[in-house]
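Structural characterization, general
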Amino acid sequence: RGFVAETDYRLEATNTIQFEEAMRKRNLDAVCAPTVVESLVRDKVLATEWVEGTRLDRDASPDVPRLCGVAINAYLTMLLDTGVLHCDPHPGNLLRTTDGKLCILDWGMTLAVPDDLQYALLEFIAHINTEDYDSIPQDFINLGFSPEDVSLERLQNSGITEGLSFAFRQLSQGGGPKKMQERVKEEFQDIYGADLTDMELRDAARADMLERMEAQLESEGVDVKGVTNVMEEMSRRNRELFALPPYVLYVARAFSTLEGIGLSIDEDYAIVQECYPYLAGRLFTDKSPRAKSALRAMLGLSDESQTMVQTSGDISPGLAVVKAGANGESSEKSLSPKKLLEMTDNFASYTAATATVDRDGEGRTAAAKEFAKLILDKDGSTLQEILVEEAAKLGDAATRNFLRQALVESAFAKNVASTLRAPKDALERSEQLSSLFPDDLKKAIIERPADFPRLVDELLHTTSEDEKLLSTASELQEALGGRLENTSVRSAMAENLSDGASIIPSIPDISPGLRSIASDTETRKFVLEQLSNVPSLGRRVGAGLFRRAAYRAMNSPVLPEEARKQLSEVNNRVADAIEPAASTKEDA
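Quick notes on the rules
- Residues numbered from 1 in each chain as written.
- Predicted model: local features only at pLDDT ≥ 70, side-chain atom pairs only at ≥ 80, totals over all residues.
- Heavy atoms only, no water.
- Helix = DSSP H or I, 4+ residues; strand = E, 2+ residues; numbered from the N terminus.
- Buried < 20%, exposed > 50% of the residue type's maximum accessible area, 1.4 Å probe, protein only.
- Contact = heavy atoms within 4.5 Å.
- Areas by Shrake-Rupley, 256 points an atom, 1.4 Å probe, with all protein chains shown as cover.
- Core = buried A, V, L, I, M, F, W, Y, C linked by side-chain atoms within 4.5 Å.
- Patch = residues over 30% accessible without salt bridge, like charges linked within 9 Å, V, L, I, M, F, W, Y side chains within 5 Å.
- Salt bridge = Lys/Arg side-chain N within 4 Å of Asp/Glu carboxyl O.
- Phe/Tyr/Trp six-rings, centres within 6.5 Å; stacked < 30°, edge-to-face > 60°.
- Pairing = 2+ DSSP bridges.
- Axes fitted to C-alpha atoms, helices over the stretch in contact; angles between N-to-C directions.
- Parallel < 35°, antiparallel > 145°, perpendicular 65-115°, else oblique.
- Left-handed = near helix turned anticlockwise from the far one by under 90°.
- Nonpolar A, V, L, I, M, F, W, Y, C, P; charged D, E, K, R; others polar.
- pLDDT = per-residue confidence, 0-100.
- Lys, Arg positive; Asp, Glu negative; His and termini not counted.

Some remarks on the overall build of the chain
Check the secondary structure of the chain and you find 27 helices and six strands. Buried positions account for 41% of the 588 residues belonging to the chain. Taking contacts inside the chain between residues at least 6 apart in sequence as the whole, the part at least 24 apart equals 68%. About 32000 Å² of surface is accessible on the chain, with carbon and sulfur atoms providing 54% of the total.

This is the structure:
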């Protein structure tokens, strides 16, 4: 089929034209295809304009490493976005043009990648990246590696997760097969003994593997003593569990070729790491439910569908976790500041590398524009939605924490509580004094005021969700502070002071790149235009705060029923006035 398709020159012309159009549509201006001369195309003739360039693997230009990244991003875009993968990426088909672009030749053999498979691949990459190996068995079914009738438990017990964990750890460190072999040997030496020869290490590893296989067969009820060859039996069983879909061969060929070019330039090249910039760019902007779920997994957050399982009524996604969190029972995962900053860096790297040939800092400028649009655009983005949601949750936790410190934990609050409890304590110590007060009066002026501090304490108690959110905010502040702190300025000033730099505040370090971006009139104008959407984002965060307050009030264990209803209604009305509830509708 592939050979026949390669001889269909009209199809090849169409593939070439469609790829060029797809890259322009996605602002991937650093990659291109030959311009087809459509008037000359026939069944047995394909004519394109001549491309001046050099094979990527033979070019000595300093921007070749960047173009390797461009190639990875282009192929990931084909695989996971356009759905048409170029299947013949040998070095002769990848050129560095004289104007610094990557040109991909020969579009005769391509692979169609359906949407469902694209999202299955995205989910698989996200789970691998976050080491969520419990989700891998379902990913294998979704990707066609395992039949649909195979149980997840059987896949889990097959050892596939351990094998993937090991392989991913090795691939992430880069260096290709040679360095992977060296690292595997070092790991085996750590496990089985540093003084063993290569043959002895192999025998020890084989014996260990056989022992694991026997244990697995026994767990499945197999009499191991009756099995003449354990490895053959495991191989037979694995053939029932796993299959190799045809598309994998084309994908493996494409990316192994790209890895080979990368390793020819950098012996420590890690193709896995090169995939993350594209992944960040895709997940930050794709609003589909499956992409949003993958992004939440990458950021360390729970899947919305999981947090909504136990909810009922018209509860927005941003409030789903509050039902459990209000009583300190939330199992909600918290945002990972490290992952957020890592993906943000990858997004900037992806945009800067693929948007232009990056003369005069054009790549950085394009990245600044795209990031401003990502965060502030009125049409929103998946990342924007998550950040607004997290900001509302953090604002809720921070407000309640502030009120608790002021009304419960401060010395003034403790003195007031002690004063309010004093009359009740005095009556409890003296029955004669207590008998002087009628029950209704005693309850109104002594018992209820005395109980007020306890009610405030319970109303503002810190939940496990609050603790996670406040800890996350502290980590994020620390991480950002480390990036912005200008230690060189502090050190220079400290040399002229006897008491060092401790009294000198941290000064934000504005890098030359940021200065260049800020000085660009067009970029500055674009960012200022995007800033006009900040009030709208503020309203969304504010509405989220009031809706969370409404839900907390309605589910408070200490407020009377009528008070709960009134407080909840007031907060919901304020939230609707700020931002209509319709804005919480599910993504189309």
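Looking at the environment of Phe140
Within the secondary structure, Phe140 is located in helix H5 (residues 136-142). Residue classification places Phe140 among the buried residues on the basis of a relative accessible area of 8%. Distance from Phe140 to Ile160, taken between C-alpha atoms, is 9.7 Å for residues 20 residues apart in sequence. With sequence-adjacent residues up to four places away left out, Phe140 is seen in contact with Phe124, Phe145, Ser146, Ile160, Leu164 and Phe242.

Considering the nonpolar core
Grouped together as the largest cluster of nonpolar side chains are 76 residues, with contacts concentrated most on Val31, Tyr75, Leu102, Ile104, Phe255, Leu283 and Leu299. Setting aside anything within four residues of it in sequence, one finds Val31 in contact with Phe19, Met23, Arg24, Val70, Ala74, Leu102 and Ile104. Core analysis: the next-biggest nonpolar cluster, separate from the first, contains five residues, Met213, Leu217, Val222 and Met234 among them.

Quick word on a nonpolar patch on the surface
On the surface, a cluster of nonpolar side chains totalling about 310 Å² of accessible area is made up of Phe402, Leu403 and Leu407. On the secondary structure map, Leu403 appears in helix H18 (residues 382-409).

Re the packing of aromatic side chains
For the coordinates displayed, the defined rule picks out seven aromatic pairs. Where Phe140 meets Phe242, the ring centres are 5.9 Å apart and the plane angle is 75°; that geometry is what we call edge-to-face. Here Phe140 is found in helix H5, whereas its partner Phe242 is found in the loop between helix H10 (230-241) and helix H11 (246-265), with 102 residues between them in sequence.

Here we look at the sheet that holds strand S4 (residues 94-97)
Within the open sheet, the four strands sit side by side as S1-S5-S4-S2. Their pairing is mixed. Of all strands in the sheet, those bounded by a partner on one side alone are strand S1 (31-32) and strand S2 (53-55). Sheet topology note: the S2/S4 ladder contains three bridges and is antiparallel. In the sheet register, Arg55 faces S4, and the bridge partner there is Leu95.

Remarks on the packing of helix H3 (residues 64-82) against helix H12 (residues 271-285)
In a packed pair of helices, the relevant descriptors are the angle between the two axes and the axis-to-axis distance. Contact pair H3 / H12: the axes reach a minimum separation of 9 Å and the direction vectors enclose 55°. As far as their axial angle goes, H12 and H3 are oblique. As for how H3 packs across H12, the hand of that crossing is right-handed. Seen from H3, the contacting residues are Gly69, Ile72, Asn73, Leu76, Thr77, Leu80 and Asp81; seen from H12, they are Ile271, Glu274, Cys275, Pro277, Tyr278 and Arg282.

Details of the packing of H18 against helix H26 (residues 534-554)
Remark: H18 packs on H26, axes separated minimally by 9 Å, with the N-to-C direction vectors making an angle of 50°. Overall, the two elements H18 and H26 adopt an arrangement that is oblique. With respect to the hand of their crossing, H18 and H26 are arranged in right-handed fashion. Facing Gln384, Glu385, Val388, Ala391, Ala392, Lys393, Gly395, Asp396 and Arg400 of H18, the residues of H26 in contact are Leu537, Arg540, Val541, Gly544, Leu545, Arg548 and Arg552. A breakdown of the residues in the contact of H18 with H26 according to their chemical character gives six nonpolar, three polar and seven charged.

Considering the confidence of the model for the chain
Mean pLDDT over the chain works out to 80, with 82% of the residues at or above the 70 mark. Segment residues 324-330 is flagged for pLDDT under 50; beyond a separation of four residues in sequence, or across chains, it makes 17 contacts in the model. A low-confidence stretch, residues 583-588 stays under pLDDT 50, and its non-local contacts, those more than four residues away or across chains, total six contacts.

Let's talk about the side chain of Lys442
Relative to the elements of secondary structure, Lys442 occurs in helix H21 (residues 439-459). The buried charged residue Lys442 lacks any salt bridge, with Asp439 as its nearest oppositely charged partner at 4.0 Å. Filtering out sequence-adjacent residues up to four positions away, Lys442 remains in contact with Leu427, Ser434, Phe437 and Glu447.

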